[in-house]
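# Structural overview for review
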Amino acid sequence: MTMTVNTAIAGIDDRSTASPKYLVALDVDGTLVDHDGVMSDSVRTAATAVVDAGHHVIIATGRSLGALLPIVEMIGMRTGYGVCSNGGVTIRLDPTLENGYEVIDRVTFDPAPALNTLRDKIPGARFALEDAEGNFLATSRFQDDSFGIEARGVDFEHLLNTDAVRVVVNSAEASTQEFSDAISAAGLSGVTYAIGWSAWLDIAAAGVTKASALEVVRSSLGIDQSLTVAMGDGSNDVEMLRWAGRGVAMGQAEDNVKAAANEVTASVYDDGAATILRSLL
């Protein structure tokens, strides 16, 4: 496994403010947007208000970079940070840069052991991989909006020889329980993984989660842990909710996610995120 972790974040000149500012880490799918990808006006307005109030809003998502950027634009973020690929990639937003952002951290790993282990254990499995340059490679014409770009079709052997930031495994044939059982039976080690709300698996480098990336940003910003807030709904949010001083689970989240949080808000379909965001103003 190759891991590159930056312990300093560029662009922080003045850490003092007139009043304390929160670090607010926000999941996207199932939190800011529903599972049809729709952000309500109420959530958009509340999120924009928190950004405008000067809090350190960080979008923290399993999505890859290309699918993170539209969310940043929706809530009016022009500066700050984003964590994508479940902690595998961290970006700094800066409107003076050519693209409006730069990648400041990218963590890669060897995906071959996990891919070989899972290939025969998950019926009808399709595999996709985000490489060290931000490209997506996929088998079986596998495409998903969370990739942010169109995946290039390759054979399975090609994936085995590519350094990965994120590996995605999906199966339309296996139930979620069958999928979970297969993961347990595989006994994966040396990687971090999270099972999604459907038959979906995200794999990252060992120890890499949304929480690990957020902690690097928090430390560099000099924000006290008590001023951290995180909100999410999925199994890939559990570490982040435990990490935050105030961890908030969405109302539709599974019980294990709710158990990791300090509190539970309404579901994404009842604008639960907006309620929490307004409480920070």
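Reference entry: report on the structure contained in this document. Remember, predicted model here, so these are calculated numbers, not experimental data.

## As for the sheet that holds strand β10 (residues 191-195)
- Strands sit in the order β8-β7-β6-β9-β11-β10 across an open sheet of six strands; the sheet is mixed. Strand pairing shows two members of the sheet lacking a second neighbour, β8 (152-153) and β10, which therefore form its edges.
- Together, β9 (164-170), β10 and β11 (200-205) form the strand contacts of helix α5 (residues 176-186), whose direction differs from that of β10 by roughly 165°.

## Points about the environment of Lys210
- Turning to its location among the elements, Lys210 is positioned in helix α6 (residues 210-221).
- Its relative accessible area of 1% is what places Lys210 among the buried residues.
- C-alpha separation for the pair Lys210 and Leu69, spaced 141 residues apart in sequence, amounts to 17 Å.
- Those residues in contact with Lys210 that lie beyond four places of it in its chain are Asp27, Ala60, Thr61, Gly62, Val83, Asn86, Gly87, Asn236, Asp237 and Met240.
- Among the polar contacts listed, one links the side chain of Lys210 to the side chain of Asp27, at a separation of 3.0 Å.
- Of note is the side chain of Lys210, whose polar atom sits 3.1 Å from the backbone oxygen of Ala60.

## Some details on the sheet that holds strand β12 (residues 228-232)
- Ordered by their spatial adjacency, eight strands build an open sheet running β5-β4-β3-β2-β1-β12-β13-β14, and the pairing between neighbours is mixed. The sheet is open, and its two edges are formed by β5 (101-106) and β14 (263-264), each paired on a single side.
- Pairing of strand β4 (residues 89-93) with β5 involves five bridges; the strand directions are antiparallel. Residue pairing across strands places Val89 opposite Arg106, the latter belonging to β5.

## Thoughts on helix α3 (residues 112-119)
- Buried within α3 are the following residues: Ala112, Ala114, Leu115 and Leu118. Seen from one end, α3 has its buried residues packed into an arc of 165°, which puts them on one side.
- Packing partners of the buried residues in α3 comprise β6 (126-131), α4 (156-160), β9, α5 and β11.

## Brief notes about the packing of helix α1 (residues 41-52) against helix α9 (residues 272-279)
- Following both chains from N to C, one finds α1 and α9 inclined at 25°, their axes separated by 8 Å at the closest point. Classed by the angle they form, the pair α1 and α9 counts as roughly parallel. Where α1 crosses over α9, the two elements pack in a sense that is left-handed. Residues Ser42, Val43, Ala46, Ala47 and Val50 of α1 pack against Ala273, Ala274, Leu277 and Arg278 of α9.
- Its residues assigned to classes, the contact of α1 with α9 comprises seven nonpolar, one polar and one charged.

Criteria and cut-off values
Residues numbered from 1 in each chain as written. Predicted model: local features only at pLDDT ≥ 70, side-chain atom pairs only at ≥ 80, totals over all residues. Heavy atoms only, no water. Pairing = 2+ DSSP bridges. Helix = DSSP H or I, 4+ residues; strand = E, 2+ residues; numbered from the N terminus. Contact = heavy atoms within 4.5 Å. Axes fitted to C-alpha atoms, helices over the stretch in contact; angles between N-to-C directions. Buried < 20%, exposed > 50% of the residue type's maximum accessible area, 1.4 Å probe, protein only. Polar contact = N/O pair within 3.5 Å; in protein donor to acceptor, adjacent residues only side chain to side chain. Arc of directions from axis to C-beta. Parallel < 35°, antiparallel > 145°, perpendicular 65-115°, else oblique. Left-handed = near helix turned anticlockwise from the far one by under 90°. Nonpolar A, V, L, I, M, F, W, Y, C, P; charged D, E, K, R; others polar.

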